[in-house]
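What follows is the residue order along each chain.
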Amino acid sequence: MEGEAYNFILDWSLAVASLFYCHSVGKFTAPACLPIKVKRNQEDTSDQITKRPQRSIIDYAPRVFLLLIAIKAYDYKANLHPLLLTSIYSYYIFFWLELILAVAASLARTLVGVELEPQFDEPHHATSVQNFWGKRWNLMVSSILRPTVYHPSRAIFRGVVPERWVSVPAVFTTFLVSGIMHEIIFYYLGRLTPTWEVTWFFVIQGVWVGIEIVIKKTIGRQFKPLRVVSRVLTLVFVITTSFWLFFPPFMRLNPFARGCRELLAFAGLFKHGYLIRPDEYSCPYF
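So, how was this worked out
- Residues numbered from 1 in each chain as written.
- Predicted model: local features only at pLDDT ≥ 70, side-chain atom pairs only at ≥ 80, totals over all residues.
- Heavy atoms only, no water.
- UniProt positions renumbered as here; feature names shortened; annotations may be inferred.
- Phe/Tyr/Trp six-rings, centres within 6.5 Å; stacked < 30°, edge-to-face > 60°.
- Salt bridge = Lys/Arg side-chain N within 4 Å of Asp/Glu carboxyl O.
- Buried < 20%, exposed > 50% of the residue type's maximum accessible area, 1.4 Å probe, protein only.
- Axes fitted to C-alpha atoms, helices over the stretch in contact; angles between N-to-C directions.
- Helix = DSSP H or I, 4+ residues; strand = E, 2+ residues; numbered from the N terminus.
- Parallel < 35°, antiparallel > 145°, perpendicular 65-115°, else oblique.
- Left-handed = near helix turned anticlockwise from the far one by under 90°.

- The name given to the protein in an unreviewed UniProt entry is Wax synthase domain-containing protein, with the source organism recorded as Lactuca virosa.
- Of the protein, the UniProt comment under Sequence similarities (unreviewed entry) reads exactly: "Belongs to the wax synthase family."
- According to UniProt, the comment filed for the protein under the heading Subcellular location (unreviewed entry) is "Membrane".

Here it is as structure tokens:
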């Protein structure tokens, strides 16, 4: 009896220790392996997590409504203008990115007990291109590029450029590195010969952000456009350059049909018990 009691206590002690270990490893492994960032200044206990204001269903209603319109419009893709079709694709990308990241944040909050930094912060509210890329779009990438590219570039150019303007070449270098990285990603996704359109897209963004920095440091205090005007101009610039240089090479990858076939192949693994090449599937939607 004593041996059974000892084994019972030992087993449960090991089980509890394993749970604590998995909980701790999860807090380390997830941020290390995934493009997520845990909020700072929070305690380990879930009761003390600083809650970020959560969106209600009403906040997501316009997005879902637009998604339903886009899905219905896709049935008539043969009659749609290529620019409109690209707009639908771009909205698909943004919606599913936001949805996937929201689910990931919810799982992290529930299972690991941590609050994640948001990946996007209402990018359509950006008041400048600098504000769009630096504080609203894909914030995890910005937080990675800032210490790895931007700050070292500032240190390098500090001996060449006056301190007041050292951020201009540093920003340009950061966008150039981002463009090259996107070009490499596109190459590995489709194995297509690089056209360097994506790199030029980010180069143009870097040049424009540099111009904005110069304007803000010279006449920025005297010239402040209305917020609604700056938002419209920012969106027009980002969307126009995206349709010109970013989306064409992205669409040549045929990403939606490719992703659909890979999902079908993954589902077929459980259905048939063995893996079938994604190329052998045909996607009924794309």
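More follows now that the structure is in view.
### Description of the packing of aromatic side chains
Consideration 1: Summed over the entire model, instances satisfying the criterion amount to 17 aromatic pairs.
Consideration 2: Plain terms: the ring middles of Tyr 187 and Tyr 188 are 5.6 Å apart, the flat faces sit at 70° to each other, and that makes the pair edge-to-face.
Consideration 3: Here Phe 246 and Phe 247 contribute two aromatic rings whose centre-to-centre distance is 5.7 Å and whose plane-to-plane angle is 90°, an arrangement assigned as edge-to-face.
Consideration 4: Three or more aromatic residues joined by ring pairs form one cluster here, namely Phe 120, Phe 132, Trp 133, Trp 137, Phe 175, Phe 186, Phe 201, Phe 202, Phe 243, Phe 246, Phe 247 and Phe 250.

### Quick word on the pattern of salt bridges
Consideration 1: Following the criterion strictly, the structure yields three salt bridges and no others.
Consideration 2: The salt bridge partner of Glu 163 is Arg 154, with a shortest N-O separation of 3.3 Å.
Consideration 3: Residue class for Arg 154 comes out buried when judged on its relative accessible area of 18%.
Consideration 4: One salt bridge in this structure joins Arg 158 and Glu 163, with 2.9 Å as the shortest N-O distance.
Consideration 5: Looking at Arg 158, the relative accessible area reads 41%, which means it is partly exposed.
Consideration 6: Salt bridges linked by common partners bring Arg 154, Arg 158 and Glu 163 together as one network.

### Considerations on the packing of helix 6 (residues 167-190) against helix 7 (residues 197-218)
Consideration 1: Their axes nearest at 8 Å, the elements helix 6 and helix 7 cross at an angle of 160°. Of the possible angle classes, the one that applies to helix 6 and helix 7 is roughly antiparallel. Between helix 6 and helix 7 lies a crossing whose hand is right-handed.

### Concerning the environment of Trp 96
Consideration 1: Tracing the backbone shows Trp 96 in helix 3 (residues 82-112).
Consideration 2: When the C-alpha atoms of Trp 96 and Leu 67 are compared, they prove to be 9.9 Å apart, with 29 residues separating the residues in sequence.

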